[in-house]
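Each chain is listed here by its residues.
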Amino acid sequence: MTRTRQVAAMESSAPAGREGVDPQEIGKFDALAEEWWDPQGPMAPLHRQGPARLTFLRDQLRGLGTGAATSVTPLSGIKILDLGCGAGLVSEPLARLGAEVTAIDAAEEVLAVARRHGAEAGLSIDYRNETAEALAAEGLLFDALVSLEVIEHVPDPTAFVAVASALVRPGGVIVLSTLNRTAKSFAMAIVGAEYLLRWLPRGTHSWRRFLKPSEVGQLLRQEGCRVTAAAGLVYNPLDQGWRLSRRDLDVNYILAASKGEESG
């Protein structure tokens, strides 16, 4: 297992609601706040994973907006919620592609870095130290919700998917990424990274909390959503890059689901 996979698991630093937040986890992410955007620092592998994930996001979301597919801002006209945004490594590229981005997280120091970095880049992103439940209580709806490497950290994935779905308008899209619960993921994400290579402290991941694509799909179907695309994120040790795979979803994967239209 490469260090990239391990860092990616820490990118989204908090679950949807504060009742599911572990203060020790938040402290860990806050401790990394100032290093998040250093492309040569501990987050360097995560920066290299970005292009593959962004390709998937762009392809799955651009049909919701007004931007031309061939333009530099194909996500124009799309309101996106980045749930568990960390320091904005996903929020910023989405904004550059033209989306109107709201991004929430429970780690305050990480959000401070996100706000500062976004402002320095001249991007208008609505960063909030807020919960998904609070946004839902406001009646907010988004065209799309993106939540990468978060669901495996929450205590109640069913409730997580329910509130995520509640924040997406009918016809909108939910994009989730996580780790598959397979023997291969146990060997790479737990044994390899935490015990053999010691890229992260032991216990960073709980293999039992990993979710199979079929399980995530079932949770989404319960909320009236239909999985429309899925791909594995596969690491290439030769160039230290990542690629999308339609076949290999054994370790980490990303999927998109469409929320059903309300019946008349």
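Counting of residues starts from 1 at the beginning of each chain's written sequence and follows it residue by residue. In keeping with the predicted nature of the model, local features appear solely for residues at pLDDT of at least 70, side-chain atom pairs appear and are counted solely at 80 or more, and the whole-chain, interface and lining totals rest on all residues. Only hydrogens and water are removed before side-chain values are computed, so all heavy atoms of the structure are retained for them.

Turning to unusual backbone geometry, a few remarks are in order. The backbone of Glu149 shows a phi angle near 60 degrees, a positive value even though the residue is not glycine. Secondary structure elements are taken from DSSP: a helix is a run of H or I of four residues or more, a strand is a run of E of two residues or more, and numbering for both begins at the N terminus. Within the element layout of this structure, Glu149 appears in the loop between strand E4 (142-148) and helix H7 (157-166). Under the scheme applied here, a residue whose accessible area is under 20% of the maximum for its type counts as buried, over 50% as exposed, and between as partly exposed, the area being computed with a 1.4 Å probe on protein chains only. Judged by its relative accessible area of 0%, Glu149 is buried.

This part covers the sheet that holds strand E8 (residues 252-259). Two strands make a pair as long as DSSP finds a minimum of two bridges between them. The mixed open sheet is built from 8 strands, whose spatial order is E3-E2-E1-E4-E5-E8-E6-E7. Two strands lie at the open edges of the sheet, namely strand E3 (126-128) and strand E7 (241-245), each paired on one side alone. Pairwise comparison of adjacent strand axes, ignoring direction, gives a mean angle of 20 degrees for this sheet. Alignment of E4 against strand E5 (residues 168-179), held across 6 bridges, turns out to be parallel. Looking across to E5, one finds that Ser147 is bridged to Leu176. By definition, residues are in contact when any of their heavy atoms lie within 4.5 Å. Where helices are involved, their axes are fitted lines through C-alpha atoms of the stretch in contact, as for all axes, and angles between N-to-C directions lie from 0 to 180°. Sitting on the sheet, H7 is in contact with strand E1 (79-83), E4, E5, strand E6 (225-236) and E8, with an inclination near 145 degrees to E5.

Here E5 lies mainly inside the structure; 11 of its 12 residues are buried. Crossovers are marked right-handed if the path from the first strand over the helix to the second runs clockwise, as seen with the strands pointing away from the viewer. Remark: the E4/H7/E5 crossover connection has right-handed handedness. Sheet analysis places E5 next to E8, joined by 7 bridges and oriented antiparallel. Along E8, the bridge assignment pairs Thr178 with Tyr253.

Now for the pattern of salt bridges. Salt bridges are defined as contacts in which a side-chain nitrogen from Lys or Arg sits within 4 Å of a carboxyl oxygen from Asp or Glu. Applying the stated criterion across every chain yields a total of 8 salt bridges. Within the structure, one salt-bridge network assembled from shared partners comprises Arg58, Asp59 and Arg62.

The next thing to look at is the pairing of E1. Extensive coverage of E1 is indicated by the burial of 4 of its 5 residues. The pairing of E1 with strand E2 (residues 100-104) spans 5 bridges and is parallel. Each residue of the ladder has a partner; that of Leu83, found in E2, is Ile104. Handedness of the crossover joining E1 and E2 through helix H4 (residues 91-96) is recorded here as right-handed. In terms of strand pairing, E1 meets E4 through 3 bridges, oriented parallel. The residue of E4 that forms the bridge with Leu81 is Leu145.

Attention now goes to the side chain of Thr102. In this structure, Thr102 sits in strand E2. The exposure class assigned to Thr102 is buried, which follows from its relative accessible area of 9%. Other than its neighbours up to four places away in sequence, Thr102 contacts Ile80, Leu81, Asp82, Asp126, Arg128 and Phe142.

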